[in-house]
Amino acid sequence: MRIELIVATYNSPGPLRLCLASVAAQRLQPGSICIADDGSGPETAAAIAEVAAARPSPPIRHVWHEDRGFEKGAILNRAIATSEAEFLVFIDGDVLIHPGFIGRHVAMARPDRFSSGSLIRLDAEATAAVTVEDVVSGRVFERAWLRRMRAIDRFGTWLKTMPFPEPVMALLDRATPVQRAWCGANASAFRAALLAVNGFDETMKYGGGDKELGVRLANSGVPGQHLRYTAPLVHLEHPRGYADPEHKRANKARVRAERRSGLVWTPDGIEKRARAS
């Protein structure tokens, strides 16, 4: 099975370097990496070229479009459309993935399911303190380090550090009553399932676009399964100047309506057309 890791990024070359350092430490490497770039400047292109030169395998391809504001869905659609892999794992360029992250997503891969995980969030101060050595050594995933960084603030976060053997953590994945929604920073699916719903709806801006895709996948017969405690990642804090409360409210209402309606296909996705009846 061909596997591609799709990494969404926008004008954050420093965090992207750290993210790709965590990718290099994966026990199971993807066949390829796609950087889905929502209009970054030349600093990001230089960072990608630097990493690709230092670590030529797996190959990295850089998919870019002009900066037109928050259009993450559009650049992810281009990444999906141009991928030659059968199975796609999605993360953001501001996360650090545990060495077993890709392996866990692949182990849980099913054509009739998408997988989605969760985040351990660092605050701005902790984010500024992260070094490449912290990532390469795996220190950023250790409970002692996360406690020092004040990242373990509740019992659920502690469980995300995988304190028990994987079979126990997998049981908790299945038993925890959380919504199986698509999390854009931690998700995977077969490419065919994404093409069947026409990918991301490009009219959805920040705040709900990921969940909207997950609802249409579930409506199509591909519901989610949660890897909440078995595919952890650490999220680096950053400003969100593109966040719009009004868009978020409208998007949430739309997601609720689509869950009721059973909508599967978006005409504003990979293909710009209504679905043939």
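Predicted model only: the values in this text are computed from it and were never measured.

Undergrad: An account of the packing of aromatic side chains is requested, with residue identities and associated values reported.
TA: What describes a pair of aromatic rings is the distance from one ring centre to the other and the angle between the planes of the rings. For the coordinates displayed, the defined rule picks out 7 aromatic pairs. When the ring of phenylalanine 90 is compared with that of tryptophan 182, the centres are 5.4 Å apart and the planes differ by 65°; the resulting orientation is edge-to-face. Taken together, the residues span a long stretch of sequence, with phenylalanine 90 in strand 4 (residues 87–92) and tryptophan 182 in the loop between helix 9 (166–175) and strand 8 (186–190) at a distance of 92 residues. Side by side, phenylalanine 90 and tryptophan 182 carry an identical accessibility label, which is buried. Taking the centre distance of 5.4 Å and the plane angle of 50° together, the rings of phenylalanine 114 and tryptophan 182 count as tilted. Of this pair, phenylalanine 114 sits in strand 6 (residues 114–116) while tryptophan 182 sits in the loop between helix 9 and strand 8, placing them 68 residues apart in sequence.

Undergrad: Residue-level account of the pattern of salt bridges, with values.
TA: Throughout the structure, instances matching the rule amount to 20 salt bridges. Of the charged contacts, one joins arginine 61 and glutamate 4 as a salt bridge, the two residues approaching to 2.8 Å between their closest N and O atoms. Of this pair, arginine 61 sits in strand 3 (residues 60–64) while glutamate 4 is found in strand 1 (residues 3–9), placing the two residues 57 residues apart along the sequence. Owing to a relative accessible area of 24%, arginine 61 belongs among the partly exposed residues under this scheme. The shortest N-O distance in the salt bridge between aspartate 112 and arginine 113 comes to 3.9 Å. Taking the relative accessible area as the measure of exposure, arginine 113 reaches 26% and is therefore partly exposed. Residues participating in the shared-partner salt-bridge network are Arg68, Glu71 and Lys205.

Undergrad: Got a sec to walk through helix 1 (residues 13–24)? Specific residues and values, please.
TA: Between its first and last C-alpha, helix 1 extends 16 Å over 12 residues, near the 16 Å set by a 1.5 Å rise per residue. Those residues of helix 1 not exposed but buried are Pro13, Leu16, Leu18, Cys19, Leu20, Ala21, Ser22 and Val23. Packing partners of the buried residues in helix 1 comprise strand 1, strand 2 (32–37), helix 2 (42–54), strand 4, strand 5 (95–97) and helix 6 (132–136).

Each value, and the rule that gives it
- Residues numbered from 1 in each chain as written.
- Predicted model: local features only at pLDDT ≥ 70, side-chain atom pairs only at ≥ 80, totals over all residues.
- Heavy atoms only, no water.
- Phe/Tyr/Trp six-rings, centres within 6.5 Å; stacked < 30°, edge-to-face > 60°.
- Helix = DSSP H or I, 4+ residues; strand = E, 2+ residues; numbered from the N terminus.
- Buried < 20%, exposed > 50% of the residue type's maximum accessible area, 1.4 Å probe, protein only.
- Salt bridge = Lys/Arg side-chain N within 4 Å of Asp/Glu carboxyl O.
- Expected span 1.5 Å × (residues − 1).
- Contact = heavy atoms within 4.5 Å.

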